[in-house]
Amino acid sequence: MTTSPAGLEAQPTATTYELGDLVPLAWGGRIRVPHFQRDFRWQSQDVLRLFDSIVKGYPIGNLLLWVRKQQAESFMLGRLRLAAPAHDESLWVVDGQQRLTSLANALSAEGHPHKPFTVYYDLVAKEFVESPKSLESHHVALPVLFDLKKLLTWFRTDGLSASEYFDEAERVATALRQYKVPAYLVRQDDRDVLTDIFDRMNNYGRRLNRGEIFSALYSGEEQGADERLTLAKISDNVSARTGFGSIDDGTVLASILARRGPDPMRDIRVEFATGRRTPSEFPDEDELTAFTQGEEAIVRAVEFLIQEAGVPHISLLPYRALLVTLTRFFAHFPDPRPNNIRLLRRLYWRLSLVGPMVFKGSFTQFSRTLGGKIKPGDEEGSLQLMLSTISDARPVMPSADRFRTNEATTKIVLSAWWFLRPRSLTTGEVLDAQSLDSMLRQDRTAANAAPMVFPRLKDSRKKQLPANRLFLPTEVDPVSEIPALLSQQPLDIDNTTWDAVLASHLLDRTLAAQVDSNRDAFLTLRQEKILKHLANFLDRMAEWDYEDTPSLALLDLDDEFQDFEEPDIPTPPDGY
C-alpha cells in the first residue's frame, strides 16, 4: 500500500473574483492548467449552459487554484496561445478547468471563432446561441458583449438596426462582467498533494473514465508536457490528418491498447510495466512509440472507413468498437491485399447490422472477441476468423421509422445517403467530406448536417421520419427555407444538374413539387425511396450472398490466374 501525502500545511484561502477581473488574468497568463488535468472536452451545449447560468445568477461552482511560482513561458489554454510572464503567484487550476477555459476562449476575439466557443447572444430571444447559421443584426458576439467600448462601437455599426435592444445588451454585459466566482487558493509546494486532491475531487461522487485515468497515470513530469503525445493530441492529429472528426479519448485508448494486445479492456495500470502477465505484441516499445504507432494504425483504420466503407465522419460510425477492431487489424496488416479489403468492408457492414445481436450489445465482448481473432502474421486467417463470428447471422434490414442522429440505425441511413454524394440545393455542387467536417467539427452527432424539411409538423411520428430530413453538410443553404428551395429550381442551375441535385436527396421533380401542396404524400413517397435505397446500399456493402473466400493469390492455381482481383464496388453515377 502506498503512503498518502501528508496533507496541506495550511487551510485554503477563500476569495471571489469578478469575471471582469478573472478572465483578463487568464488572458495575461496568470492562470494555467497543470498537465495532469484532463483535457478540455466540453461541447457547445456545455458552454451555452455556463453563460446562461451566469446571466441568471446561478452558481457555477467553486474554483480550486494552486498558487505557485512559475517561470516565463508560452502555453495553450483552449485555442488561445498565451505568453505568461514569470510570477511568484501564478494560479494553476486544480478544479474548474472546463469553466475557465470556456470563459477565456468564448469571451476573447481569438478563441471565439473556434467551436465550441462560438457563442452569440440573441438580443431578441434573450438567450445564448451557438454560431447562428444566418447571422442577424440582433446577434452579438460574446467578445463584443464583454467589452463595453466594443459594444458601443458595435451598436453604431453592425448592430445599428438593433439599437432598440441596447438596454438588454447592457444588462447582460453587466451581468457577465460583475458575476462573482468563488475560489479557494491553495499554497502548497508538494505536487503529490495536489494530484491527491485532484484524484479525490474527481473520484468521490463521479468517476474518471479510463482515458482520463490512463492520461493521469502516464502524464510524466510537468516539464515538456506541452510537446508530449497524449490521447487528446492523438485525437486532434487524426482529425487534422483525415477530416474524420474528434474521436473520444476512450476510443483512442481502446484502439492503442487493441494494437498492442487482443483485449483492449485489460488493466491499464501495468500497460508499460516490465514482466507483465500478458506481454505486448510489440515488446520493448516505450510509451512514445506505442502512442506514435497507435496513431498511425488509427489513421489507416479511419482511411479505410472513409475510402472503402463509405463512412466519412465519426458521427456516422454506428459503434466505436468497430474502429477499435479495425485499428488492431491495420496495426498488424498495414497494407492488406485488395480482396481482403473487400472482405473487410463486408465484415464492417455485417457487424454494423448484426454485431449488437451477436455480441449482445457489449463493447467489451465485441472488441475482445474480434480482437482475439486477429492473429499477428496471418492476414487471411484473421479475416476468416472474424467473419466466422457472424457466419450464422441472417441478413437484417434496420428499422428506419425514426431519425435520431445518436442512434446506430440513423448513422447507417446517413452513410447510405452519403453514398449518393448529396449536393447543395442552392449551388448544385457536391458536398464533400471537407464541408462535412467543417460543419460538424467536434460534434458528437450529425444533427447539424441533417436539418428537417418540415420542423413544425404536428404529427410527431411523421416529424421523426428520415423522410423529413435532408443530408446537407453546408452552411450555404438556408435550412429554414428547405421547402421553398426544393420547389423552385434555381435560375443558375441547368436541368440536368437540378435533376442530379434532387436525386442526391432521393427526390425527383414530381416528388419535390408536392413539398408545398401535399406534405403527407411527400413524406410517404420519399420514405419509400429511402427504404429502397437503404436496402440496395446494404446489399452492395454487406454482400451477404457472396462467398467469403480468401484471396485467389493464396490458392494453388495456374500462374495466369494469380493476378486476378474481384472488381470493386463502383462509385454511383451522377443522378443515381
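Here goes a summary of the coordinates provided. Since the structure is predicted, the reported quantities are computational estimates derived from the model, not experimental observations. (Residues numbered from 1 in each chain as written. Predicted model: local features only at pLDDT ≥ 70, side-chain atom pairs only at ≥ 80, totals over all residues. Heavy atoms only, no water.)

1. What to know about the sheet that holds strand S9 (residues 139–141)
Hydrogen bonds between backbone groups are what pair the strands of a sheet, and the pairing can be parallel or antiparallel. A sheet is described by the order of its strands in space; here 3 strands give the open sequence S8-S7-S9, paired in antiparallel fashion. Bordering the open sheet on either side are strand S8 (127–130) and S9, each of which pairs with just one other strand. On average, each strand axis in the sheet is tilted by 40° relative to the strand beside it, whichever way the strands run. Here strand S7 (residues 119–122) runs beside S8; their pairing, made up of 4 bridges, is antiparallel. Across the sheet, residue Tyr120 finds its bridge partner in S8, namely Val129. In the packing of helix H2 (residues 44–55) onto the sheet, contacts are made with S7 and S8, and the angle to S8 comes to roughly 165°. (Pairing = 2+ DSSP bridges. Helix = DSSP H or I, 4+ residues; strand = E, 2+ residues; numbered from the N terminus. Axes fitted to C-alpha atoms, helices over the stretch in contact; angles between N-to-C directions. Contact = heavy atoms within 4.5 Å.)

2. Brief notes about the pairing of strand S6 (residues 87–95)
Bridge count for strand S2 (residues 31–32) against S6 is 2 bridges, and the pairing is parallel. Residue pairing across strands places Ile31 opposite Leu91, the latter belonging to S6. Across 6 bridges, strand S3 (residues 63–70) lies against S6 in antiparallel orientation. Bridge pairing in S6 places Leu64 opposite Asp95.

3. Details of the environment of Ser280
For Ser280, the position within the fold is in the loop between helix H10 (249–260) and helix H11 (287–309). Separated by 18 residues in sequence, Ser280 and Pro262 place their C-alpha atoms 9.4 Å apart. Here Phe282 takes part through its backbone nitrogen, which lies 2.9 Å from a polar atom of the side chain of Ser280. (Polar contact = N/O pair within 3.5 Å; in protein donor to acceptor, adjacent residues only side chain to side chain.)

4. Considering helix H23 (residues 519–542)
In a regular helix each residue adds 1.5 Å, so 24 residues correspond to 34 Å; H23 covers 34 Å between its end C-alpha atoms and thus fits that length. Every buried residue belonging to H23 is among Ala521, Phe522, Leu523, Arg526, Gln527, Ile530, His533, Leu534, Phe537, Leu538, Met541 and Ala542, and all of these are buried. Where H23 ends, the next residue or the one after it, Glu543, has phi of about 45°, a positive value. (Expected span 1.5 Å × (residues − 1). Buried < 20%, exposed > 50% of the residue type's maximum accessible area, 1.4 Å probe, protein only.)

5. Notes on the packing of helix H16 (residues 408–418) against H23
Contact geometry of H16 with H23 gives a least axis separation of 10 Å together with a crossing angle of 85°. Classified by the interaxial angle, the pair formed by H16 and H23 is roughly perpendicular. Two secondary-structure elements touch here, H16 through Ile412, Val413, Ser415, Ala416 and Trp417 and H23 through Arg526, Ile530, His533, Leu534, Phe537 and Leu538. Considering only residue class, the contact of H16 with H23 consists of 8 nonpolar, 2 polar and 1 charged. (Parallel < 35°, antiparallel > 145°, perpendicular 65-115°, else oblique. Nonpolar A, V, L, I, M, F, W, Y, C, P; charged D, E, K, R; others polar.)

6. Description of the packing of aromatic side chains
Under the counting rule described, the total for this entry stands at 16 aromatic pairs. Taken together, a centroid distance of 5.1 Å and an interplanar angle of 70° make the contact between Phe155 and Phe166 edge-to-face. Here Phe155, found in helix H5 (residues 148–156), pairs with Phe166, found in helix H6 (residues 166–178); they are 11 residues apart in sequence, far enough to count as distant. By relative accessible area, which is 7% here, Phe155 ends up buried. According to the relative accessible area criterion, Phe166 is partly exposed, its value standing at 24%. Within the aromatic cluster, the residues linked to one another by ring pairs are Phe304, Phe329, Phe330 and Phe333. Cation over ring: Arg68 sits above Trp92, and NZ or CZ is 4.9 Å from the ring centre. The ring of Phe282 has Arg259 lying over it, and the distance from NZ or CZ to the ring centre is 4.0 Å. (Phe/Tyr/Trp six-rings, centres within 6.5 Å; stacked < 30°, edge-to-face > 60°. Lys NZ or Arg CZ within 6 Å of the ring centre and 35° of its normal.)

7. Notes on the packing of helix H12 (residues 320–332) against helix H13 (residues 338–358)
It is at 11 Å that the axes of H12 and H13 come closest, and there the two elements cross at 160°. Here H12 is positioned roughly antiparallel relative to H13, judged by the angle of their axes. In terms of crossing hand, the pair formed by H12 and H13 is right-handed. Contacts between H12 and H13 involve Leu322, Leu326, Phe329 and Phe330 from the first element and Ile341, Leu344, Tyr348, Leu351 and Ser352 from the second. Partitioning the contact of H12 with H13 into residue classes produces 8 nonpolar, 1 polar and no charged. (Left-handed = near helix turned anticlockwise from the far one by under 90°.)

8. Quick word on the environment of Leu316
By the secondary structure assignment, Leu316 is in the loop between H11 and H12. C-alpha separation for the pair Leu316 and Thr445, spaced 129 residues apart in sequence, amounts to 7.5 Å. Contact partners of Leu316, with chain neighbours within four places excluded, come to Val311, Lys411, Leu414, Ser415, Ala446 and Phe471.

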